[in-house]
Amino acid sequence: MTGHEAGCILCGGMTYEVVSERDRHGAPLCTRLCAGCGLIRNDPVPTADELDAFYASAYRESYKGASTPRLRQVLRNFDRTRQHILAFRDIYGRKGRWLDLGSGSGEFLFLARSMGAEAEGIEPHAGYSAYSRQTLGLPVRSATLDSGGCAPRSFDLIRLSHVLEHMRDPLQTLRRLRDMLRPCGVLYVEVPDIAEEARNRLRGRLFHYGHINNFDPTTLRALAGKAGLAELAATRQRAAGTTGLFLEAVPDLVPDAADLARNAALMRRIMADHAAALLPKPPKGTVVGRFAGRVSDRLREVVAAARLRRPRCIADESARQLRLALAR
Ligand SMILES: [Zn+2]
């Protein structure tokens, strides 16, 4: 255990333990677990300049292997996004002005607009934002939260999917987003669940330079609470145990220290199990069954990608399916 120059952003704790010295590709990267709450954070946190340089060009290429999305990835993203919208159709049925912050390759925006939402995007990656504008015809700006110039109280729904884990100061980010919500506005935040990944992934395949903070269901909720954001009553049950939350502005909540200490113990155990396991635990079914499932998913994607040869065709087909499902 070592002390740290600044306290934990969630619990204020000063005691950490190193859980990994390598990133998921084997490169040096130090990652530490806070003994007070279980939040897992890269150390050191990169400077703003270092991050800018990383995202300006390297990120998408190192992450997905291309600066525009591959057809099969487009198909998969549209399928997942459509399922998500249908699972929370009560929330996405609300009207108003929406922002997708970190809109990536634009699937959510495309489907949201196909439902009639007044939705716009901000995407820092030049290649993905150009693709969103040119290929999908979306109102996406190449900017960041800092450079985007979004006014307070200007959105009814803000979506932040797989973005918060990249932020240097996610508490400050959440507070700014809360201030950007109109009265009764909703913030959707989704991040990878490090506890689930530790259970399901091969040993060592966890950490990433760009994922500065690695959340689990407890630390994500506690940080949101500290930023004055609480889960909507309408979605709490559906989102239980996940790291995808619909939040609304509330007075700041003080994290429950005993709860967080229990979470730290749980996370320490999960990380130790991950480090000791030769093979990940299958999430469900047998290894052979999961392999067969992956093959059939892949086959279905290949067939569909051959039929729908252009991203715009996939987008239009997905929007059509969404409209059909919503009409049922
Ligand atoms: Zn902590």
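Cut-offs applied
Residues numbered from 1 in each chain as written. Predicted model: local features only at pLDDT ≥ 70, side-chain atom pairs only at ≥ 80, totals over all residues. Helix = DSSP H or I, 4+ residues; strand = E, 2+ residues; numbered from the N terminus. Rg over C-alpha atoms; globule rule 2.2 N^0.38 Å. Contact = placed C-beta atoms within 7 Å. Pairing = 2+ DSSP bridges. Axes fitted to C-alpha atoms, helices over the stretch in contact; angles between N-to-C directions. Parallel < 35°, antiparallel > 145°, perpendicular 65-115°, else oblique. Left-handed = near helix turned anticlockwise from the far one by under 90°. Nonpolar A, V, L, I, M, F, W, Y, C, P; charged D, E, K, R; others polar. Core = buried A, V, L, I, M, F, W, Y, C linked by C-beta atoms within 7 Å. Buried ≥ 20, exposed ≤ 12 C-beta atoms within 10 Å, placed from the backbone.

Enquirer: How do you make sense of the overall build of the protein when you look at a structure like this?
Expert: For the protein, the count of helices and strands is 12 helices and 11 strands. Computed over the C-alpha atoms, the radius of gyration of the protein is 20 Å, within 12% of the 20 Å expected from 2.2 N^0.38 for a compact globule of 328 residues. Overall size of the protein, expressed as C-alpha extent along the three principal axes, is 55 × 50 × 40 Å. Across the protein, every contact between residues at least 6 apart in sequence was considered, and the portion connecting residues at least 24 apart equals 67%.

Enquirer: For this particular structure, what's the right way to read the sheet that holds strand β10 (residues 229–231)?
Expert: Two pairing modes exist for strands in a sheet, parallel and antiparallel, and in both the strands are linked by backbone hydrogen bonds. The mixed open sheet is built from 7 strands, whose spatial order is β6-β5-β4-β7-β8-β11-β10. Sheet topology places β6 (140–141) and β10 at the edges, where each strand pairs with a single neighbour. Sheet topology note: the β10/strand β11 (residues 244–249) ladder contains 3 bridges and is antiparallel. Counted as the bridge partner of E231 is L247 from β11.

Enquirer: Explain the packing of helix α4 (residues 107–114) against helix α12 (residues 311–327) here, please?
Expert: Packed helices, taken two at a time, are described by the angle their axes make and the gap between the axes. Packing of α4 against α12 leaves a shortest axis separation of 9 Å and a crossing angle of 50°. Considering their axes alone, α4 and α12 lie oblique with respect to each other. At the point where α4 passes α12, the crossing takes the right-handed sense. Counting all contacts with α4, which are made through F110, L111 and S114, the residues of α12 involved are A315, S318, A319, L322 and R323. Along the lines of polarity and charge, the residues of the contact of α4 with α12 split into 5 nonpolar, 2 polar and 1 charged.

Enquirer: What's the story with unusual backbone geometry in this structure? I'm lost.
Expert: Note: most peptide bonds trans; most residues except glycine with negative phi. Here the bond from D43 into P44 is cis, since omega is 5°, no more than 30 degrees from zero. Position of P44 among the secondary structure elements: in the loop between β3 (40–42) and α1 (48–64). Of note in the backbone geometry, R153 takes a positive phi value of approximately 50° without being a glycine. Tracing the chain through its elements places R153 in the loop between β6 and β7 (155–161). For C184, which is not glycine, the phi torsion reads 70° and is therefore positive. Its location among the elements puts C184 in strand β8 (residues 181–190).

Enquirer: Would you take a moment to explain the nonpolar core for this structure?
Expert: Nonpolar side chains tend to gather and get buried jointly when the protein is soluble and globular. If you look at the biggest cluster of nonpolar residues, it comprises 68 residues, and the most contacted ones within it are C37, I158, L160, L187, V189 and A224. If we skip the residues at most four places from it in the chain, C37 touches C8, L10, C11, G13, T219, A222, L260, N263 and A264.

Enquirer: Hey, could you run me through the pairing of strand β1 (residues 16–22) in this one?
Expert: Within a regular strand, the side chains alternate between the two sheet faces. Judged from the 5 bridges that link them, β1 and strand β2 (residues 28–34) form a sheet pairing that is antiparallel. Within β2, the residue paired with Y16 across the bridge is C34. What sits between the antiparallel neighbours β1 and β2 is a turn of 5 residues, in which G26 has the positive phi angle 95°.

Enquirer: It is not clear to me how the sheet that holds β3 should be interpreted in this structure. Could you clarify?
Expert: With respect to topology, 4 strands assemble into an open sheet ordered β1-β2-β3-β9, the strand pairing being antiparallel. Each having just a single partner strand, β1 and β9 (213–214) make up the two edges of the open sheet. Strands in contact with helix α10 (residues 257–276) are β1, β2 and β3; relative to β2, the strand with the most contacts, it is inclined by about 145°.

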